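Residues per chain, in single letters:
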Amino acid sequence: MAFLGEISNQTIVNSILTFIFSNGSIIHNETGVYFQSSTPIPIRVPNDCGFQTLKSRMHNTLQLTDKQYLDKIYYRRSFTDAGNQFRFQSMQLKNNDDVNTMLMCNDQFLCIGPIELLCTIGRTPDGILNLLQTTMTPTHDALLYYNGRWNMLRQHDFVGYSFTGKNPKKN
């Protein structure tokens with residue numbers, strides 16, 4: 001089985017199956033934490049991976065645009081408690097040492113399953129402006145304000161009811 005164009009047997013042998021939970025959430029339960037998102041995306045992480053390589057592979061796998069970036073990456077880290085029960089905690093990956101810890105934990109608890117990563121995707125300021133421009137619909141105020149001027153009838157041109165202080169009277 002190939003993952004996103006990876007067909008080399010050498011790549012599969014020297015890598016670890018990982019699932020990316022994009023823009024999901026961290027849920028706490030009796031065993032610690034688990035990640036939740038729409039559909040986890042499979043990726044292969046090389047055994048000798050560094051932080052920048054991991055970010056680059058995730059960026060390419062998620063097909064992020066130049067106006068999007070990986071904001072935060074969390075690893076669902078397994079450990080055993082005092083009663084030798086498996087538990088999970090979230091660990092934010094920030095550098096090569098964190099990625100090495102992730103890879104060592106995976107070697108230690110290989111029976112748990114694949115690596116699970118949760119990432120949040122941010123947008124650049126230009127990306128935010130583009131998103132707002134494509135999703136905004138004209139509002140009433142935007143139609144009334146054009147070229148630095150309010151396009152409204154003047155007050156004395158108003159037709160309707162006048163108010164004398166007691167009850168509205170029709171003119």
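See the structure above.
Reading the values: the criteria
Residues numbered from 1 in each chain as written. Predicted model: local features only at pLDDT ≥ 70, side-chain atom pairs only at ≥ 80, totals over all residues. Heavy atoms only, no water. Patch = residues over 30% accessible without salt bridge, like charges linked within 9 Å, V, L, I, M, F, W, Y side chains within 5 Å. Areas by Shrake-Rupley, 256 points an atom, 1.4 Å probe, with all protein chains shown as cover. Salt bridge = Lys/Arg side-chain N within 4 Å of Asp/Glu carboxyl O. Helix = DSSP H or I, 4+ residues; strand = E, 2+ residues; numbered from the N terminus. Pairing = 2+ DSSP bridges. Axes fitted to C-alpha atoms, helices over the stretch in contact; angles between N-to-C directions. Buried < 20%, exposed > 50% of the residue type's maximum accessible area, 1.4 Å probe, protein only. Contact = heavy atoms within 4.5 Å. Phe/Tyr/Trp six-rings, centres within 6.5 Å; stacked < 30°, edge-to-face > 60°.

**Overview of a nonpolar patch on the surface**
A cluster of nonpolar side chains, Ile128, Leu129 and Leu132, forms an exposed patch at the surface whose accessible area comes to about 260 Å². Tracing the sequence through the fold places Leu132 in helix H4 (residues 125–135).

**So, the sheet that holds strand E6 (residues 86–93)**
Within the open sheet, the five strands sit side by side as E4-E1-E7-E5-E6. Their pairing is mixed. With partners counted over all chains shown, the strands left at the sheet margins are strand E4 (41–46) and E6, one partner each. Here the average twist between neighbouring strands, direction ignored, is 35°. Bridging between strand E5 (residues 68–80) and strand E7 (residues 115–123) involves seven bridges; their strand directions are antiparallel. Of the residues in E7, the one forming a bridge with Ile73 is Cys119.

**Digging into the environment of Gln89**
For Gln89, the location among the structural elements is in strand E6. For Gln89, a relative accessible area of 35% corresponds to the partly exposed category. Expressed as a C-alpha distance, the spacing of Gln89 and Tyr74, which sit 15 residues apart in the sequence, is 9.7 Å. Ignoring any residue separated from it by four or fewer positions in sequence, one finds Gln89 in contact with Val33, Tyr75, Arg76, Arg77 and Phe79.

**Some details on the packing of aromatic side chains**
Overall, the coordinates contain one aromatic pair when judged by the stated rule. Judged by centre distance (6.1 Å) and plane angle (65°), the ring pair of Phe21 and Phe35 falls under edge-to-face. Remark: Phe35 occurs in strand E3 (residues 32–36) and Phe21 occurs in strand E1 (residues 15–22); sequence separation between them is 14 residues. Each of the two residues, Phe21 as well as Phe35, counts as buried.

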